[in-house]
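Summary of structural features
Listed here are the chains, written in short residue letters.
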Amino acid sequence: MTKRQPAASSARAPSGARGRTVRAPAKRRRVDCLLAPEEVHRLFAALRAANPAPKSELEYVNPYTLLVAVVLSAQATDAGVNKATRALFAKADTPQKMLALGEDVVREHIRTIGLFRTKAKNVIALSRRLVETTGGEVPRDRALLESLPGVGRKTANVVLNVAFGEPTIAVDTHIFRVCNRTGLAIGRTPLEVERVLERVVPDEFRLHAHHWLILHGRYVCKARRPECGRCPIREICRYPDKTV
Ligand code: SF4
C-alpha cells in the first residue's frame, strides 16, 4: 500500500514524534488595506462628490507636452513647471521642434526648475528617441514609455492615464502618504501601494483615482499638518493622529 504523502505545507516533526506530521505555521498575510470594500467605495464617492471631474494641474497641449511636463515635474511643483513650460511649449510642442530648439535653449527655459540641467538633457534625449522610433508620436505602451530617458513608472502611469484614458494609478509622494495614513493602501514603497490600489479600488473610480488622491493629499491631507477638520473622508480614515 502506498503511504500517504504529507501535504506540501506540512513538515515532518523532529525526532521523537516519528510518524506524526506537524503543519508548518501558516504564513501570515500582511494586512495592506484596513478598510472594508464598502468603506473604500464611500471614500472615493466622497472624493468624487467634492470634485466630480478632476484634472491634472500641469499645463499641456498634446501627449508630447504632457510627457515633457511630467518629466519636468519630478521634485518640482506643478505651478513651477507651468511657469517654465508656457514659453517653452509656445516654441516647441513636438519632439521635432524641441530638437530644433536644442539643449541650451531648453535649459534656459527651465532653469527655475530643480535639476534643470539633467532634465534638459532628458527632454532632448527623449525627443530624439521619439523621432527615431515612433516618428514623434508618444506611444500608448508602458514598456516603450519607460524606455525613454527620464521616464519611470510614475511618469508612464500619468501619461497612460491622462493622455490615453487608461485606469492606471501613479503613486507619487502625496498618494503614498494619503494611502498609508487612511489605511486605504499600506505599503513600504510606491509600487507596493500601487499594487494594493489596483486590487481594492472599484472599477467605477479607477480612471480618476489618481487625481482624487493626489489633489486630496496636496490640498487637504497635507504632509506637515493634515486638515482633518474639513476632510470629506474623516469618518473613514484610520489615521490615529487626526487634527481637529
Ligand atoms: S482625516 Fe486627516 S489624515 Fe485622514 S485623510 Fe483626512 S486629512 Fe488626511
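What you see is a predicted model; the values in this text were computed from it and never measured.

The rules behind each value
Residues numbered from 1 in each chain as written. Predicted model: local features only at pLDDT ≥ 70, side-chain atom pairs only at ≥ 80, totals over all residues. Helix = DSSP H or I, 4+ residues; strand = E, 2+ residues; numbered from the N terminus. UniProt positions renumbered as here; feature names shortened; annotations may be inferred. Contact = placed C-beta atoms within 7 Å. Buried ≥ 20, exposed ≤ 12 C-beta atoms within 10 Å, placed from the backbone. Near = placed C-beta within 6 Å. Nonpolar A, V, L, I, M, F, W, Y, C, P; charged D, E, K, R; others polar. Axes fitted to C-alpha atoms, helices over the stretch in contact; angles between N-to-C directions. Parallel < 35°, antiparallel > 145°, perpendicular 65-115°, else oblique. Left-handed = near helix turned anticlockwise from the far one by under 90°. Arc of directions from axis to C-beta. pLDDT = per-residue confidence, 0-100. Core = buried A, V, L, I, M, F, W, Y, C linked by C-beta atoms within 7 Å. Domains from an automatic or database assignment.

**Notes on unusual backbone geometry**
- Located in the positive-phi region is Gln75, a residue other than glycine, with phi close to 55°.
- Positive phi is not limited to glycine here, since Leu115 has a value of about 60°.
- Locating Leu115 in the fold gives a position in the loop between α5 (103–109) and α6 (116–134).

**Some thoughts on the UniProt feature "binding site: [4Fe-4S] cluster" (unreviewed entry) in the chain**
- UniProt records the feature "binding site: [4Fe-4S] cluster" (unreviewed entry) for Cys221, Cys228, Cys231 and Cys237 in the present numbering. Across 17 residues of sequence, these annotated residues stay compact in space, with a maximum C-alpha separation of 10.7 Å.
- When you line up the elements, Cys221 lands in the segment after α11 (203–219).
- Leaving out residues up to four positions away in the same chain, Cys221 has contacts with Arg177, Val178, Arg181, His216, Pro226 and Cys231.
- Residue placement: Cys231 occurs in the segment after α11.
- Residue classification places Cys231 among the buried residues on the basis of 20 C-beta atoms within 10 Å.
- Look past the residues within four positions of Cys231 in its chain and what remains in contact with it is Val220, Cys221 and Cys237.

**Let's talk about the site of the ligand**
- Lining the immediate environment of the ligand, one finds 13 residues, of which Cys221, Pro226, Cys228, Cys231 and Cys237 sit closest.
- Among the residues making up the shell around the ligand, the classes are represented as eight nonpolar, one polar and four charged.

**Thoughts on the packing of helix α2 (residues 63–72) against α6**
- The N-to-C vectors of α2 and α6 enclose an angle of 155°; their axes lie 10 Å apart at closest approach. The orientation of α2 with respect to α6, classified from their angle, is roughly antiparallel. Remark: the crossing between α2 and α6 carries right-handed chirality. Between α2, through Val68, Val71 and Leu72, and α6, the contact on the second element is made entirely by Lys119, Asn122 and Val123.
- Partitioning the contact of α2 with α6 into residue classes produces four nonpolar, one polar and one charged.

**Details of the environment of Ile169**
- By the secondary structure assignment, Ile169 is in the loop between α8 (153–162) and α9 (173–182).
- With 26 C-beta atoms packed within 10 Å, Ile169 lands in the buried category.
- A C-alpha to C-alpha distance of 9.7 Å links Ile169 and Val193, two positions 24 residues apart in sequence.
- Residue contacts for Ile169: discarding those within four places in its chain leaves Asn157, Glu194, Leu197, Glu198, Ala209 and His210.

**Concerning helix α10 (residues 190–200)**
- All of the buried residues along α10 are Val193, Glu194 and Leu197. The buried residues of α10 all sit within an arc of 100° when viewed along its axis, so they share a single face. Projecting away from the buried face of α10 at angles above 90 degrees are the exposed residues Leu191 and Arg199.
- Buried residues along α10 sit in contact with α9 and α11.

**Details of the confidence of the model for the chain**
- Overall, the predicted model of the chain reaches an average pLDDT of 91, with 90% of residues at or above 70.
- Predicted confidence is poor over residues 1–17, with pLDDT under 50, and the contacts of this stretch with residues over four places away or in other chains come to twelve contacts.

**Description of the nonpolar core**
- Within the largest apolar cluster, 58 residues are counted, with the highest numbers of intra-cluster contacts made by Leu67, Val123, Val159 and Cys179.
- Secondary structure elements with two or more residues in this core: α1 (37–50), α2, α3 (78–91), α6, α8, α9, α10 and α11.
- The greatest single-element share of this core, amounting to eight residues, is contributed by α2.
- Built from parts of two domains, this core gets at least three residues from each of domain 1 (37–54 + 168–230) and domain 2 (63–162).
- The residues touching Val159, leaving out its near neighbours within four places in the chain, are Pro63, Leu66, Leu67, Val70, Val138 and Leu145.

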